[in-house]
Amino acid sequence: MAINYKRELEGASKTMILVHDPNTLIMMIVRMIVQKVRVRHAGILLHDRERDTYILTVSRGIKGVKIPKGFARMDADNALIRFFRERLDKKLFNDGSLIYEEAKKTLKKAKVARKQKEALKGALHQMEIFDVVACIPSYFGDDLLAMLLLGEKKSGRSFGRDEIDFFSALASDVAMAIRNAQLFKELEAELEKKHHLFIHTTVALAAAIDAKDHYTHGHTARVTGISLEIARKLAEKNKESFDEKFLESLHIAGLLHDIGKIGVPEAILNKEGTLNETERKCIEEHPLVGVTILQPIKELESSILGVKYHHERYDGSGYPEKLRGSQIPVIASIISVADAFDAMITDRPYRKGLSKEEAIGEIKRVSGKQFDAQVAEALIELFVEGKI
Amino acid sequence: MPRLLIVDDEVDVREFAANFFRKRKIDCLTASSGEEALGLLEKNRPDLVLLDIKMAGVDGVETLRRIKKLDASLKVIMVTGRKPEEEGSLQKCRELGALAYVHKPLQLDELERIVMKELAADKKKPQK
């Protein structure tokens with residue numbers, strides 16, 4: 001029974017539009033070829049750009065004849081790959097495909113150059129090894145992205161012109177699908193790279209603050225870590241539902257919460273003993289200095305809330321705006337508890353740090369006054385569970 | 001006719017490799033596990049064994065150890081993946097006396113060349 005290839009192709013391309021994953025698409029194509037054209041086996045070699053090799057990724061057909069997927073590869077120096085990469089297919093055969101029978105005849109033609117014959121011979125030898133009678137390349141521009149390998153038809157008949165055209169059309173769809181998937185992946189990688197750069201830049205900024213304040217080495221990293229733990233704990237207890245975006249903002253806010261200390265003279269920052277009124281005021285400016293520094297970065301809008309209000313107190317006795325209760329953004333309440341806890345357990349030249357037990361006792365004591373009771377409770381639970 | 005034993009727990013690989021070498025006039029035996037391979041060895045001594053490293057149950061390394069215990073002169077070629085965790089196994093196989101290694105995905109012509117070379121080397125030796 002003759003197959004209406006045009007109709008099959010139309011049907012196939014309608015399905016293909018719905019499939020975005022190239023591997024699924026390729027699997028569908030190979031399955032269709034094996035079923036509709038009734039070949040003994042068929043497979044697709046896909047280019048692995050990292051190793052510059054072509055790996056048999058999809059394979060179907062009769063047991064023992066089909067090549068197990070992932071079993072075989074062709075390196076860039078393989079005669080068949082070279083044949084297509086050097087575009088000898090275009091020079092020797094107009095349509096780009098390599099058909100074993102046809103190529104054998106070409107070898108006998110006097111007008112074909114000896115060098116080309118040698119290359120063709122090598123390619124045909126590879127076809128024999130893979131037991132295939134037709135190879136259809138998938139190009140994007142001149143890049144060989146994939147190659148469709150076809151075994152003999154079960155009937156033993158050779159392929160007709162309409163069939164080869166059908167395969168070529170499928171092969172160009174394969175190329176397009178692979179290329180799209182590659183572009184998508186590259187775009188994703190690019191975005192991720194930018195994101196990493198952003199995080200690393202933030203970490204570098206945070207390190208600058210830590211370097212200035214001698215006695216709080218590692219404070220920023222610890223506050224960030226504890227803040228994220230508290231947020232997870234609150235989410236787990238369903239007190240709040242935090243999305244990825246919130247956690248990200250909290251991460252950044254944790255790293256940058258003391259950035260305003262860059263504007264505080266080191267003599268004040270590292271002073272041993274009590275501060276006088278002027279010095280205290282100077283230190284208390286650091287949240288607003290932080291806001292001034294970060295404000296030009298529009299993307300940091302929600303993180304800035306954490307920087308600005310991490311010294312506010314639940315009872316309204318904090319700074320800079322004396323916010324109280326629910327007026328204080330939750331991002332700031334979290335950092336506030338984490339910041340206080342870490343400050344308490346850290347040694348200072350004029351006093352030894354508290355033990356964690358003592359610090360937790362102190363947090364308990366001022367919970368609901370200095371701290372949002374739910375946030376403080378989350379920290380206490382983390383301590384009980386041994387997570388901090 | 002030279003005899004090759006193919007040991008792999010994937011049926012597609014066994015069938016394909018057996019078919020591939022039968023076309024090249026080689027008598028092929030297949031085993032789906034290390035235990036089955038060891039059972040076959042005693043009855044039909046092959047000239048060469050193609051042994052997959054990563055198999056469920058008794059793996060390729062252990063199978064190689066047992067093969068060499070039974071018959072130290074039997075030639076074995078290991079088939080491996082390219083994962084770094086198999087690096088340690090490769091070293092062990094070397095110590096145990098494996099002849100060569102082919103990495104999956106492999107080049108079929110390379111597999112053909114290595115296997116045919118080992119089987120041809122056997123032929124040249126005088127028969128006992």
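As a starting point, this report considers the structure included with it. Predicted model only: the values in this text are computed from it and were never measured. All chains use their own residue numbering, which begins from 1 and follows the written sequence. Whichever chain is written first becomes A and whichever ligand is written first becomes 1, with later ones labelled in order. Given that the model is predicted, a residue must reach a pLDDT of at least 70 before its local features are reported, and side-chain atom pairs must reach 80 or more before they are shown or counted; all residues, however, enter totals for whole chains, interfaces and linings. Remark: hydrogens and water are excluded; side-chain values derive from all non-hydrogen atoms of the structure.

All names here are of chain B. Spatially, five strands are ordered 2-1-3-4-5 in an open sheet, and the strand pairing comes out parallel. Pairing within the sheet leaves two strands with one partner each, and these edge strands are strand 2 (27–31) and strand 5 (100–103). Put simply, the sheet's adjacent strands are angled 20° from each other on average, direction ignored. Relative to strand 3 (residues 48–52), strand 1 (residues 3–7) runs parallel, the two being bridged by four bridges. At least two DSSP bridges between two strands are required for those strands to pair. Secondary structure follows DSSP: runs of H or I at least 4 residues long count as helices, runs of E at least 2 residues long count as strands, and numbering of each begins at the N terminus. Fitted lines through C-alpha atoms serve as axes, helices being fitted only where they are in contact, and the angles separating the N-to-C directions of these axes extend from 0 to 180 degrees.

Residues and elements named next belong to chain A. An ideal rise of 1.5 Å per residue puts 18 Å on 13 residues; helix 9 (residues 244–256) measures up with 18 Å between its terminal C-alpha atoms. Only protein chains enter the accessibility calculation, which uses a 1.4 Å probe. A residue is then buried if its area is under 20% of the maximum for its type, exposed if over 50%, and partly exposed in between. Those residues of helix 9 that sit buried are F246, L247, S249, L250, I252, A253, G254, L255 and L256. Next to the buried residues of helix 9 lie helix 7 (161–212), helix 8 (219–236), helix 12 (286–294), helix 13 (301–309) and helix 14 (330–345). By definition here, a helix of n residues has an expected span of 1.5 Å times n minus one. Residue contacts are defined here by distance: any two heavy atoms, one from each residue, within 4.5 Å place the two residues in contact.

Residue and element names in this part refer to chain A. Spatially, 3-2-1-6-5-4 is the arrangement adopted by the six strands of the open sheet, whose pairing is antiparallel. Among the strands making up the open sheet, the edge pair consists of strand 3 (73–75) and strand 4 (98–99). As defined by bridge partners, strand 2 (residues 53–61) adjoins strand 3 across three bridges and the pair is classed as antiparallel. Paired with T53 across the strands is D75, a residue of strand 3. Of the strands in this sheet, strand 1 (41–48), strand 4, strand 5 (134–140) and strand 6 (143–150) touch helix 7, which is tilted by about 40° from strand 5.

Moving on, we come to the nonpolar core. All names here are of chain A. Counting residues in each nonpolar core, the largest one holds 52 residues, and the members touching the most others are L80, L98 and L149. Leaving out residues up to four positions away in the same chain, L80 has contacts with M74, L98, A123, Q126, M127, C135, M147 and L149. Core analysis: the second largest hydrophobic core is formed by 33 residues, L25, L150, F167 and L170 among them. Buried residues of nine kinds, namely Ala, Val, Leu, Ile, Met, Phe, Trp, Tyr and Cys, make up a nonpolar core once their side-chain atoms join them within 4.5 Å.

We call Phe, Tyr and Trp rings a pair once their centres come within 6.5 Å, taking the six-membered ring for Trp, and we label the pair stacked below 30 degrees between planes, edge-to-face above 60, and tilted otherwise. With the rule as written, the count across this model stands at seven aromatic pairs over all chains. Plain terms: the ring middles of F71 of chain A and F16 of chain B are 6.0 Å apart, the flat faces sit at 75° to each other, and that makes the pair edge-to-face. Of the two residues, F71 of chain A is situated in the loop between strand 2 and strand 3 and F16 of chain B in helix 1 (residues 11–22); the pairing between them involves two chains. On the basis of relative accessible area, F71 of chain A is assigned to the buried category, the value being 4%. Their ring planes at 40° and their centres at 5.9 Å tell us that F166 of chain A and F167 of chain A sit as a pair that is tilted. In terms of burial, F166 of chain A and F167 of chain A fall into one category: buried. What links up through ring pairs into an aromatic cluster is the set F71 of chain A together with F16, F20 and F21 of chain B. Above the ring of Y139 of chain A, the side-chain terminus of R87 of chain A is found at 3.6 Å from the ring centroid. Remark: a charge is flagged as sitting over a ring if the NZ atom of Lys or the CZ atom of Arg is within 6 Å of the ring centre and within 35 degrees of the ring normal. A cation over an aromatic ring shows up here: R179 of chain A above the ring of F140 of chain A, its NZ or CZ 5.3 Å from the ring centre.

Contact residues are listed per partner, giving 19 residues for chain A and 20 residues for chain B. Here the quantity called buried area is the accessible surface, traced with a 1.4 Å probe, that two parts lose on coming together, added over both. Buried surface at the junction of chain A and chain B, summed over both partners, amounts to about 1,800 Å²; 59% is from carbon and sulfur atoms. Salt bridges are defined by distance alone: a side-chain nitrogen of Lys or Arg within 4 Å of a carboxyl oxygen of Asp or Glu. Linking chain A with chain B are two salt bridges. D131 of chain A is paired through a salt bridge with K23 of chain B; the nearest N and O atoms lie 3.1 Å apart. For the purposes of these results, a polar contact is taken to be a pair of N or O atoms within 3.5 Å, where, inside protein, one atom must be able to donate a hydrogen and its partner to accept one; residues adjacent in sequence count only when each atom of the pair is a side-chain atom. Here chain A and chain B share eight residue pairs in polar contact (both at pLDDT 80 or more) between them. Here the term charged refers only to Asp, Glu, Lys and Arg, the term nonpolar to Ala, Val, Leu, Ile, Met, Phe, Trp, Tyr, Cys and Pro, and the term polar to all other amino acids, Gly among them. Here the side of chain A that touches chain B is built from residues that sort into nine nonpolar, four polar and six charged.

Checked against the element boundaries, K233 of chain A lands in helix 8. Filtering out sequence-adjacent residues up to four positions away, K233 of chain A remains in contact with A378, E381, L382 and E385 of chain A.

Once that is clear, we can look at the pattern of salt bridges. Across all of its chains, the model carries 34 salt bridges over all chains by this definition. Among the salt bridges present, the one from D48 of chain A reaches R51 of chain A, with a minimum N-O distance of 3.5 Å. A salt bridge links K75 of chain B to E118 of chain B, with the nearest nitrogen and oxygen atoms 3.0 Å apart. Taken together, the residues K75 of chain B in strand 4 (residues 75–80) and E118 of chain B in helix 5 (residues 108–124) connect sequence positions 43 residues apart. For the pair K75 of chain B and E118 of chain B, one class covers both residues: buried. Each of the salt bridges in this network shares a partner with another, and the network as a whole consists of K233, E236, K237, E381, E385 and K387 of chain A.

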